[in-house]
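# Analysis of the macromolecular model
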Amino acid sequence: MNEQELVVQALLPVLKDHLDAAAIAKLIEVPKTSDLGDYAFPTFTLAKIFRQEPQQIAADLAPKINADNFEKVQAVGPYINFFLDKAQFSHQLLQTILQQAEHYGDANLGQQGQVPIDMSSPNIAKPISMGHLRSTVIGNSLANILTKVGYKPVKINHLGDWGTQFGKLIVGYKKWGSEAAVKADPITNLLKYYVKFHQEDQAHPELDDEARDWFVKLEAGDDEAIKLWTWFRKVSLQEFMKIYDMLDIQFDSYKGEAFYNDKMAEVVQMLEDKKLLKKSQGAEIVDLSAYNLNPALIKKSDGATLYITRDLAAAIYRKRTYHFVQSLYVVGNEQRDHFKQLKAVLKEMGFDWADDIHHIPFGLITENGKKLSTRQGRVILLENVLNDAVDLAHKQIDAKNPDLANKDQVANDVGIGAVVFHDLKNERLNNFDFNLEDVVRFEGETGPYVQYTNARAQSILRKAGVDLKQQTDYTLTDRSAWDVLKQLAEFPDMIIRASKEYEPSVIAKYALRLAKNFNKYYANTKVLIADAEKPARLAMVASVSQVLTQSLALLGVHAPKEM
């Protein structure tokens, strides 16, 4: 059902000597209010062709248009306005949504092609903070959206489980830590040692030498270093899983930086074989001046490899393993140049599939305008935020609906949903300042508002007690329902747009608009009054619930049926 195409086909017979279908489609607009029609065709571009005023052109053309598929077609000033046939539109739309149910909006853009998504990727021995929230929930939502349009996402948690920071952590643990303390509270104490190291090394730079020595031991397979690294990784992952379970997010792979240790030599050899490596101040680089980029530093003067060497190995491994059609990296905007270099080096190596790699950047979550920093100890723990949000949801439920069944589960869904939705309603690239009260707000443009709207729709359906599957007539001519119906019809296009722009906020903002219009409709319409269109009204209520539930699911948010 493509209503815009109906408009194009209606205009084509009267404009075919001047414009083709594609040109007509580009000119079609959607009026700001449905009082002016559902689609409008401006005649300004025809003024030179017809040598007439646009108003006159619209007045002359409107009567010549076949209006069989429309309620009416009329000229208003320089526009030809098209009003869709509400009876036909509502019947087809509601029938489609109820029949397709959770498959409404499905598409097959991806043809089951695999899409690795590099996301979340916390550093071992450091807490998952609000700074990790964005990569985690944006990546998860994109996986849901891409699944909906026919791709097979592979969610990869590329753990930060290697690097010089482990030398620092080992030094910190051996100087100030204890096994008992780490067992009692792994992340808090490991973070404490890491922060203390950075405080102490300003006055005692020799600590950096000790840290480098320990990392060299780790790379060489020293028993004590490996034992400590393995232990830190294990206890960290156990702590991370608590938070991923709260968010109801699963991963297909936890292969982190350490996994690629034995795969970098091949990358360096490939670069040498292709004569891409050049010496620069003792280091080995790939010159990327042809791409207007700084050189990619592959090996430092001491022979140590860098992030880009590891990322090259990871990209090649993922291509060989998943034969991907796209490969996404949901990583902060500050890493933009790194991914440009990564793609450029892969192109220089002869890998045309580098064009299928996409960096999905996002803005920062700040506190009082300042970037959150683990090293400086300025951390807002995600687990604390999620727990606070759930507690606030509990208080709201106790105040408004104390007898609610499954109260704990609903509080969990609402509180955590509030945090996730708050992040995803922001356009990816926008920064936003963290404020707990804003994050867990339950009024206004929030996740709980959308969840409550869905619960209200479910309540109406329970009161009605009607089996909509037995229904055959979904004709709804009620003008007050029109904006809701048109928005329901937009859902498939919103999903495709979100998938192409890698932008979950498209879905979040759509859900807010639909919820707002439905609540406006419900406030002014007696849905359950017994008349000829009652079954169709209930079909629309069920369709709204279906689409809101799906929208929330695409964002990774649950939709309780009662609140």
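Residues numbered from 1 in each chain as written. Predicted model: local features only at pLDDT ≥ 70, side-chain atom pairs only at ≥ 80, totals over all residues. Heavy atoms only, no water.

### Points about the overall build of the protein
When you go through the protein residue by residue, the secondary structure sums to 21 helices and 13 strands. In terms of overall dimensions, the protein has C-alpha extents of about 85 × 65 × 40 Å along its principal axes. A separation of at least 24 residues holds for 73% of the contacts in the protein among residues at least 6 apart in sequence. When the accessible surface of the protein is split by element, carbon and sulfur atoms take 47% of a total near 26,200 Å². Of the charged side chains in the protein, 67 are positive and 74 negative; the average position of the first set lies 1 Å away from that of the second. (Helix = DSSP H or I, 4+ residues; strand = E, 2+ residues; numbered from the N terminus. Contact = heavy atoms within 4.5 Å. Areas by Shrake-Rupley, 256 points an atom, 1.4 Å probe, with all protein chains shown as cover. Lys, Arg positive; Asp, Glu negative; His and termini not counted. Charge placed at Lys NZ, Arg CZ, Asp CG, Glu CD.)

### What about the sheet that holds strand S4 (residues 114-118)?
Taken together, four strands build an open sheet; the order of strands is S5-S4-S9-S10 and the sheet is parallel. Sheet topology places strand S5 (152-156) and strand S10 (357-359) at the edges, where each strand pairs with a single neighbour. If you compare each strand with its neighbour and ignore which way they point, the axes differ by 20 degrees on average. Summarising the sheet, S4 and strand S9 (residues 327-329) pair through two bridges and their orientation is parallel. Within S9, the position partnered with Ile 117 by the bridge is Leu 328. The sheet contacts of helix H6 (residues 130-148) involve S4, S5 and S9, and relative to S4 the element is tilted by about 170 degrees. (Pairing = 2+ DSSP bridges. Axes fitted to C-alpha atoms, helices over the stretch in contact; angles between N-to-C directions.)

### A word on helix H14 (residues 336-348)
Over its 13 residues, H14 runs 19 Å from end to end, which matches the ideal 18 Å to within 8%, given 1.5 Å per residue. When H14 is considered as a whole, its buried residues turn out to be His 338, Phe 339, Gln 341, Leu 342, Ala 344, Val 345 and Leu 346. (Expected span 1.5 Å × (residues − 1). Buried < 20%, exposed > 50% of the residue type's maximum accessible area, 1.4 Å probe, protein only.)

### Looking at unusual backbone geometry
The backbone of Ala 101 shows a phi angle near 50 degrees, a positive value even though the residue is not glycine. Here Ala 101 shows up in the loop between helix H5 (86-100) and S4. One non-glycine residue, Lys 275, adopts positive backbone phi at about 55 degrees. Considering the arrangement of structural elements, one finds Lys 275 in the loop between helix H12 (264-273) and strand S6 (277-280). Lys 275 sits in the exposed class, given a relative accessible area of 71%.

### Details of the packing of aromatic side chains
Working definition: an aromatic ring pair is given by the centre-to-centre distance plus the angle between the planes. For the coordinates displayed, the defined rule picks out 21 aromatic pairs. Centre to centre, the rings of Phe 324 and Trp 353 are 5.6 Å apart; their planes meet at 85 degrees, and the pair counts as edge-to-face. Of this pair, Phe 324 sits in the loop between helix H13 (307-322) and S9 while Trp 353 sits in the loop between H14 and S10, and the two are 29 residues apart along the sequence. We classify Phe 324 as buried; its relative accessible area is 2%. Residue class for Trp 353 comes out buried when judged on its relative accessible area of 14%. Linked through ring pairs, Tyr 173, Tyr 193, Trp 231 and Phe 232 together constitute an aromatic cluster. Lying across the ring of Phe 259, Lys 255 places its NZ or CZ 5.2 Å from the centre. (Phe/Tyr/Trp six-rings, centres within 6.5 Å; stacked < 30°, edge-to-face > 60°. Lys NZ or Arg CZ within 6 Å of the ring centre and 35° of its normal.)

### Structural notes on the environment of Val 76
With respect to the helices and strands, Val 76 occurs in strand S2 (residues 70-76). Residue class for Val 76 comes out partly exposed when judged on its relative accessible area of 35%. Expressed as a C-alpha distance, the spacing of Val 76 and Ser 505, which sit 429 residues apart in the sequence, is 35 Å.

### So, the side chain of Gln 451
Its location among the elements puts Gln 451 in helix H18 (residues 447-464). Exposure remark for Gln 451: the relative accessible area of 0% places this residue in the buried category. Polar contacts involving the side chain of Gln 451 include one to the main-chain carbonyl oxygen of His 558, which spans 2.8 Å. Look past the residues within four positions of Gln 451 in its chain and what remains in contact with it is Asp 413, Val 414, Gly 417, Leu 552, Val 557, His 558, Pro 560 and Met 563. (Polar contact = N/O pair within 3.5 Å; in protein donor to acceptor, adjacent residues only side chain to side chain.)

### Comments concerning the pattern of salt bridges
This structure, assessed with the given rule, holds 21 salt bridges. For Glu 179, the salt bridge identified is with Lys 183, shortest N-O distance 3.0 Å. Remark: Lys 183 and Glu 179 occur in helix H8 (residues 179-184); sequence separation between them is four residues, near one turn of the helix. Assessed through its relative accessible area of 57%, Lys 183 is described here as exposed. The partner of Arg 497 in a salt bridge is Glu 501, with the nearest N and O atoms 3.2 Å apart. Here Glu 501 and Arg 497 lie together in helix H19 (residues 482-501), a separation of four residues that amounts to about one turn. We classify Arg 497 as partly exposed; its relative accessible area is 40%. Classification of Glu 501 by relative accessible area gives partly exposed; the value is 39%. (Salt bridge = Lys/Arg side-chain N within 4 Å of Asp/Glu carboxyl O.)

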